Amino acid sequence: MNTDYLDFEQPIAELQNQIAKLRDTTHSDLNISNEVALLEEKASSLTRSIFAKLTPRQVSQVARHPKRPYTLDLIDLMFTDFQELHGDRAFADDKAIIGGLARFNGESVMVIGHQKGRNTKDNIMRNFGMPRPEGYRKALRLMRMAEKFHLPIFTFIDTAGAYPGIGAEERGQSEAIARNLYEMAQLKTPIICTVVGEGGSGGALAIGVGDRVFMLQYATYSVISPEGCASILWKTAEKAAEAADAMNITAERLKALELIDDIIPEPLGAAHRNHAELAKTLSEVLDATLKELKALSMDELLEQRYQRLMSFGRYEE
Amino acid sequence: MSWFEKLLPSRIRTEKSNTKKSIPEGLWQQCSACHSILYGSELERNNEVCPKCGHHMRINARHRLEVFLDTNGREEIGATVTPVDILGFKDTKRYKDRLAGAQKETGEKDALIVMKGAVLGVPLVAAAFDFRFMGGSMGSVVGERFVRGVNAAIEANVPFICFAASGGARMQEALFSLMQMAKTSAALTRLAEKGLPFISVLTDPTLGGVSASFAMLGDIHIAEPKALVGFAGPRVIEQTVREKLPDGFQRSEFLLEKGAIDMIVERNQMRETIADLLTLLQHQQKPLLATEAAA
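First things first, this report covers the structure right here in the doc.

Some remarks on the pattern of salt bridges
Summed over the entire model, instances satisfying the criterion amount to 40 salt bridges over all chains. A salt bridge links Glu227 of chain A to Arg64 of chain A; the nearest nitrogen and oxygen atoms lie 3.1 Å apart. Here the residue Glu227 of chain A occupies a position in helix 10 (residues 226-234), and Arg64 of chain A occupies one in the loop between helix 3 (56-63) and helix 4 (71-78), the gap between them amounting to 163 residues. With relative accessibility at 32%, the residue Arg64 of chain A sits in the partly exposed group. Ionic pairing is found between Asp130 of chain B and Arg132 of chain B, a salt bridge with its closest N-O pair at 2.9 Å. Where salt bridges share partners, they join Arg57, Arg64, Lys116, Asp158, Glu198 and Glu227 of chain A into one cluster.

In C-alpha cells form, the structure reads like this:
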C-alpha cells in the first residue's frame, strides 16, 4: 500500500505506479508517450469520480492528510516578508499556534494559524497542532497588536482540538478560549478565517470568530471529532463514520446550513496534491474579501460581525 | 420487552424499571458524598445541600432560581423558545426522542431557564442550567435564551448572573452548538459596553463548550464548593496523558488555588454574597439581609 494515498485512493495509486514504471522504461518505443497520456487521463477521471462521492468520514481523512497544506505552507505561498512573533508574554511560546506580521499583496497584515508537524519530531514540537492556553493567549496578543496598528487578520484553522492536558487545565484552557471568542467578536479590524484542515471544536473556534469564515472543500468543522462523538453517543469509536455523517462536518453541508460563508474549491485529488494551485485560488478569494470588508465603516463591520454571530442557531417559537 | 411493546414508537413506550418500589420516589435520598440517608423534603428545604456533611448536590434550574430570587416580581424570559431537531440527528436514539424524554423527565423545554427578578431587592436577570436536561448541554435554545437574558438585562440596565451546570456543547446539534459559544460570548461584549456586571457561578459540573465560553467571562467568578470545573473532562485527560489525576484536580478549591475563580461560596450564602457584590460594583447601598428584609 502506498502511504501517500489514503485507503480509498489506492486505485489511483496503482495507476500512478504504472505511469511511473512506464516512464522509467528505457525502451525507445514511440507509443510510450501515448500510453502515458492515456493512463494519466484515466487517473484523472478516476480521481474525479472517487472525489465526487467521498463520504463525510473519507473527507475527514483527507482533512487530516499528512501532506495537506499547513499554515506555514500557506504563508510561504500567499504572503511575503513573514516575521514570526513568539510567546504569550506570560508563560511560554506555544508552537502549536504560529503568528506574525506579513505582507499580503503588498499590504501589511497579521497572520495566525494552527501548525501541525509532518514528522514525529516536528509533531512533538508542535504538540500535533493542539494548542495549550499560552497558544491562544499568544494569538490574542497578536490580534490586539493587529487592532492597534490597523492590520487585517487572517487566521488558518487546522487542529484536532485544544490540548486536554493537566498543565493546560491548570493554566486555564477554558478561559483562554473564552477570552478569544469575546475579544474577536469586537476587535476593530477585519478578521477573515479559513478552515484549512480539521476544524476541531473550541480549539478551532478560538481563532475562528470573524467577519467571514471559509472552508476548503475537503476541510471539516465540528463540535467534537467523529471518533469522540461515536465513543460518547454510540459507546464505540468504531461508529466514527456514522458520527461523521450525522454531524454534518463537511464544507458542503455547513454551507447549506449557512454556518460558513463559502467553500474554497480544491485542486483535483484535494489540496495536498497541489499546494500552489490551492494557494492561488485561496489567495484570490481572500484578496476580494478583504477589499469587500475594507469598504465598510468600522461600525458597519462590527455590527455585521455581531449580527452574523447572533444569527447562529435554529429553534422554534 | 414483549413483541407488542417493541412495536410502539419509543416516544410512547415507557421503560419499566426492574426494581419494584415499595416507597414513593424521593422520600428518602442518599448523600452522594457521606452516604447518609436523608429525608427528601428536608434536603429540598436545605437547597439540596446535605445537612450532615454540607455536600452540594445538583439542583434543578427552576429550584435554583426559586431559592435565589426574591419571591416578588419574577418574570421568565425566552420560555417560548423551544428546540428543534435541525439535522434529523440519530445515534443509538433519535435526538427528537432524547428531547421528548428530557422534556418529560424535567418538565422543561430545554436546559436553560432565564428569569428577571431581584435578589434582596437588587434587580437583575438570572439564568440557570438544568443538568438533568441532556447533561445541561448547550444547543441553539440555550444560546438564544442566554442572549435574550443578556439583552433583557441591558434593556433594564441591570446585572446578569448565570449558574452554569453543563457537560458542554450538545453534540446532536453539531456545529450549531459550537457556534453558541461564540454567540453567547459576543452578547456579553454588549453587556460590558453598558458597564453592567456579569457574575458567573460555576456549579457541578461545568465543562467543555460552556466553560470555554461565557462561564469563564464573568467580571466575577464564583464556584460552589467541590464543583468539577474544567475544559476537558477528567476521563479524557487521563486517556491523553496516561497518568492518574491528582486528588481534587479541577475542583473549585483547585481552581481557586490556580487563580481561575474569585471565591467559593456555599449555596445557602449565595443570595447575600451576590447581592453584596452587585451593590459594591454598582455604587449602591449594602442590601438588607434576608432576615431584615423579611421583617
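Concerning a nonpolar patch on the surface
Residue and element names in this part refer to chain B. A cluster of nonpolar side chains, contributed by Trp28, Ile37 and Tyr39, occupies part of the molecular surface with about 330 Å² of accessible area. Here Trp28 shows up in strand 1 (residues 28-30). Take Trp28: its relative accessible area is 46%, and that puts it in the partly exposed class.

Regarding the interface of chain A and chain B
Contact residues are listed per partner, giving 46 residues for chain A and 55 residues for chain B. Between chain A and chain B lies a buried interface of about 4,500 Å² when both sides are counted; carbon and sulfur atoms form 72% of it. Viewed at the interface, chain B and chain A are joined by 3 salt bridges. Linking Arg190 of chain B and Glu303 of chain A is a salt bridge whose minimum nitrogen-to-oxygen distance equals 3.3 Å.

With respect to the environment of Glu238 of chain A
Residues and elements named next belong to chain A. The residue Glu238 is located in the loop between helix 10 and helix 11 (240-246) in this model. In this structure Glu238 comes out as exposed when scored by relative accessible area, which is 74%. For the pair Glu238 and Pro226, spaced 12 residues apart in sequence, the C-alpha to C-alpha distance is 9.6 Å.

Thoughts on the environment of Leu293 of chain A
All names here are of chain A. Locating Leu293 in the fold gives a position in helix 13 (residues 275-294). By relative accessible area, Leu293 is classed as buried at 2%. Not counting the four nearest positions on each side in its chain, Leu293 is found in contact with Pro190, Ile192, Asp211, Arg212 and Leu301.

Describing unusual backbone geometry
The peptide bond linking Asp204 of chain B to Pro205 of chain B adopts the cis configuration, its omega dihedral lying at -15 degrees. Note on placement: Pro205 of chain B falls in strand 8 (residues 198-206). With a phi close to 55 degrees, Phe128 of chain A is a non-glycine residue in the positive phi region. Residue position: Phe128 of chain A is located in the loop between helix 5 (120-125) and helix 6 (133-148). Taking relative accessible area as the criterion, Phe128 of chain A reaches 47% and is therefore assigned partly exposed.

Criteria and thresholds
Residues numbered from 1 in each chain as written. Chains lettered and ligands numbered in written order. Predicted model: local features only at pLDDT ≥ 70, side-chain atom pairs only at ≥ 80, totals over all residues. Heavy atoms only, no water. Salt bridge = Lys/Arg side-chain N within 4 Å of Asp/Glu carboxyl O. Helix = DSSP H or I, 4+ residues; strand = E, 2+ residues; numbered from the N terminus. Buried < 20%, exposed > 50% of the residue type's maximum accessible area, 1.4 Å probe, protein only. Patch = residues over 30% accessible without salt bridge, like charges linked within 9 Å, V, L, I, M, F, W, Y side chains within 5 Å. Areas by Shrake-Rupley, 256 points an atom, 1.4 Å probe, with all protein chains shown as cover. Contact = heavy atoms within 4.5 Å. Buried area = accessible area lost by both parts, 1.4 Å probe.

So far we have only geometry, and geometry alone does not tell us how the molecule works.
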